[in-house]
Amino acid sequence: MGSRSSLHALLVCAWCALMALPLWAQPAVEWEGHYLVYLSVEGEAPMPVGLEHRRYFPTELGGQRVQGYESSARIHLNLMGTSVTVSESALSYTTFDGDPLRLESGMGAAEGAGQQVIATYYPDRVEYVRRSGDDETSGSVEIPEGISLRDPEYLYDPAAMPTNEAATLWAFDPMSLSIQPVSMVNAGREPISVSGQTMEAWRLEIDSEAVGPTTHWVDDDGYIVRSSYFVGALELSLERVSAQRAAEFAAGEASGLEELPDLIEGTAVRPGLRIPNPRACAELTVRVTGIDRERLLIEDRRQSYEGIREAPDGSLEGTLTVRALGPPEVRPALGEGVPEEVQPFLESTATIQSDDPRFVKIAEDLAGDETDPWIVACDIAEWVDHTMTPDMNEPLLRSSLEVLEEPRGACRSYAALMCGVARAAGIPCRIAVGALYVDEVLAGDAFAFHAWNEVWVGEWVAIDATLAVPGVRQPADATHIKFTEGDVRAFVPVGRVIRSVGIEVLDTDTMEKADAGAEANQGEVVTE
């Protein structure tokens, strides 16, 4: 069985990447700042878990005087008793008018290969090169018509930014390799405590698609003095400190890591009711709360919502029923009868390189003479589980080919590898990301965030390579609750879900039926 619930390391890296982006950059200035990163459980004192250094400087790029920005961060985490250290770096260049020119973004673990994205900006597109280990891919992202990546003039003077009015900025996201909106609201000045001293600072409410709402406090020159981000019961914060304090932490940062709060325990969703034998759950009804985007309430063949309404805090909630549906009795032959709308999930992409000869060879060997796509999909899932080595120390979003070259990692890497082989075999495949009920891993029963796959075999059927059982061809059980779907980049929006979702189990009758082996509606019984 593969590692589960390790999307949290990815989430923290996304947060660090957001922190690395300069909110303001005074033209032609030199400035540097040191920050401590803190993690705290609700009601307890924060613990320092990392360092970040930022520097602004005027420089030259291609013979042009430009504004440079450089940052580096290192953060320590505790994931289910495993110490994980992730690092982030960024180097960017902009014109003094705020037009982006070049970005070099790096991310990785303390041990093992990292990733680097180098982006070059043009008026109508962003061209990028993505490197991970020995693998290199390149491509371009079109800048949508009417969208500008230039920073508005008021960003150079926080006092000039309108208060309590939402502004939308656009930026290239090196994690998802896409142009993403960032919402910003200036909530005005307020007193805050920074390093034991009280000061007046501008409060900014930032909301990005990947990370969700984050609060920043900046000084009159526009530099961050404090940031705060909540993930379930945990708060991840950033605070500006002196160079001496940063050096003191760096000298002893390796001590006390065993006392860090467990990030997965702190973000697990407690359902309030135990699900007996979850891997055999054929149908599940839950109350889902705290969803801030309607598109995260996905309805399809296996899950449907009722009574969706807006809660007093503006979030969405509703009653969800999930069924563990197997493949249809009549299935098309392998590689045949794929509808036009499903064809994109057969394509080789920058993150799912299914046309690579290595994937083609593996798919041919696994499929052999078999023509039933469901049988082949289950055999691929079993091969993925056998090939992969579970590893929680994986903060990176890796492509299918990167996982094939180094077959270790968490659930997201299992899902990426499954996609690469399945598409090479002629089976449309996508990645689903959401929550999975676990009763063996955490301290008490809970839903943890997880990734699995869906394959099209006449209908979309959920399949989980991390839970593959040799010789047993079964769909994913009904405790798999999906919030996003797509390719490797489907993980990015999950940051919004992790921070606020609630899942309350309502119906236990269906669980008893699952234990008894009763059939689920229109599908196979999930048995172990």
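Remember, predicted model here, so these are calculated numbers, not experimental data.

Trainee: It is not clear to me how unusual backbone geometry should be interpreted in this structure. Could you clarify?
Mentor: Only a minority of non-glycine residues have a phi that is not negative, and only a minority of peptide bonds are not trans. Unlike most non-glycine residues, Ser-195 shows phi in positive territory, near 55°. With respect to the helices and strands, Ser-195 occurs in the loop between strand S10 (178-194) and strand S11 (197-208). Taking the relative accessible area as the measure of exposure, Ser-195 reaches 44% and is therefore partly exposed. Its identity is not glycine, yet Asn-277 carries a phi of approximately 50°, on the positive side.

Trainee: Where do I start with helix H5 (residues 373-387) in this structure?
Mentor: Taking 1.5 Å of rise per residue, the 15 residues of H5 would be expected to cover 21 Å, and the 21 Å separating its terminal C-alpha atoms lies within 8% of that figure. Every buried residue of H5 is accounted for by Pro-373, Trp-374, Val-376, Ala-377, Cys-378, Ile-380, Ala-381, Val-384 and Asp-385. Residues of H5 that are buried sit in contact with helix H4 (357-367), helix H7 (411-424), strand S21 (446-456) and strand S22 (460-463). A distance of 2.9 Å separates the backbone nitrogen of Trp-374 from a side-chain oxygen at the start of H5, and that oxygen is part of Asp-372.

Trainee: Explanation requested: the layout of surface pockets in the structure shown.
Mentor: Taking a probe equal in size to a water molecule and rolling it over the atoms shows the remaining empty space. Counted as a void, the second largest pocket has a volume near 200 Å³. Forming the walls of the second largest pocket are Asp-99, Pro-100, Leu-101, Tyr-121, Tyr-122, Pro-123, Ile-143, Ile-147, Ser-148, Leu-149 and Arg-150. Among the residues forming the lining of the second largest pocket, the class breakdown is eight nonpolar, one polar and two charged.

Trainee: For this particular structure, what's the right way to read H4?
Mentor: An α-helix turns once every 3.6 residues. As a result, residues three or four positions apart point the same way. Every buried residue belonging to H4 is among Phe-359, Ile-362, Ala-363 and Ala-367, and all of these are buried. Projection of H4 onto a plane perpendicular to its axis shows the buried side chains occupying an angular sector of 120°, all on one side. Projecting away from the buried face of H4 at angles above 90 degrees are the exposed residues Pro-357, Glu-364 and Asp-365. On its buried face, H4 is in contact with H5, helix H6 (400-405) and H7. Gly-368, located one to two residues past H4, shows a positive phi value of around 55°.

Trainee: Would you mind showing me how to read the environment of Arg-130 here?
Mentor: Summarising the element assignment, Arg-130 is placed in strand S7 (residues 125-132). When its relative accessible area of 6% is taken as the criterion, Arg-130 is described as buried. Residues Arg-130 and Gly-106 lie 24 residues apart in sequence; the distance between their C-alpha atoms is 9.7 Å. Apart from the residues lying within four places of it in its own chain, the contact partners of Arg-130 are Gln-115, Gln-116, Val-117, Asp-135, Glu-136, Thr-137, Leu-177, Leu-397, Arg-398, Ser-399 and Glu-402.

Trainee: Looking at this structure, I do not really get the pattern of salt bridges. What am I missing?
Mentor: Any two side chains of opposite charge can pair, on the condition that their charged atoms come close. This model, assessed by the stated rule, comprises 32 salt bridges. Arg-274 is paired through a salt bridge with Asp-445; the nearest N and O atoms lie 3.2 Å apart. In this pair, Arg-274 sits in the loop between helix H3 (263-267) and strand S15 (283-291) while Asp-445 sits in the loop between strand S20 (429-438) and S21, placing the two residues 171 residues apart along the sequence. Overlapping salt bridges, with partners in common, bring together Asp-300, Arg-430, Glu-454, Lys-482 and Glu-485 in one network.

Thresholds applied
Residues numbered from 1 in each chain as written. Predicted model: local features only at pLDDT ≥ 70, side-chain atom pairs only at ≥ 80, totals over all residues. Heavy atoms only, no water. Helix = DSSP H or I, 4+ residues; strand = E, 2+ residues; numbered from the N terminus. Buried < 20%, exposed > 50% of the residue type's maximum accessible area, 1.4 Å probe, protein only. Expected span 1.5 Å × (residues − 1). Contact = heavy atoms within 4.5 Å. Polar contact = N/O pair within 3.5 Å; in protein donor to acceptor, adjacent residues only side chain to side chain. 1 Å grid on protein atoms, 1.4 Å probe; cavity = no way out; pocket = protein on both sides within 12 Å on 5 of 7 lines; lining within 4 Å. Points joined across faces, edges and corners; volume = space filled by probe spheres on them. Nonpolar A, V, L, I, M, F, W, Y, C, P; charged D, E, K, R; others polar. Arc of directions from axis to C-beta. Salt bridge = Lys/Arg side-chain N within 4 Å of Asp/Glu carboxyl O.

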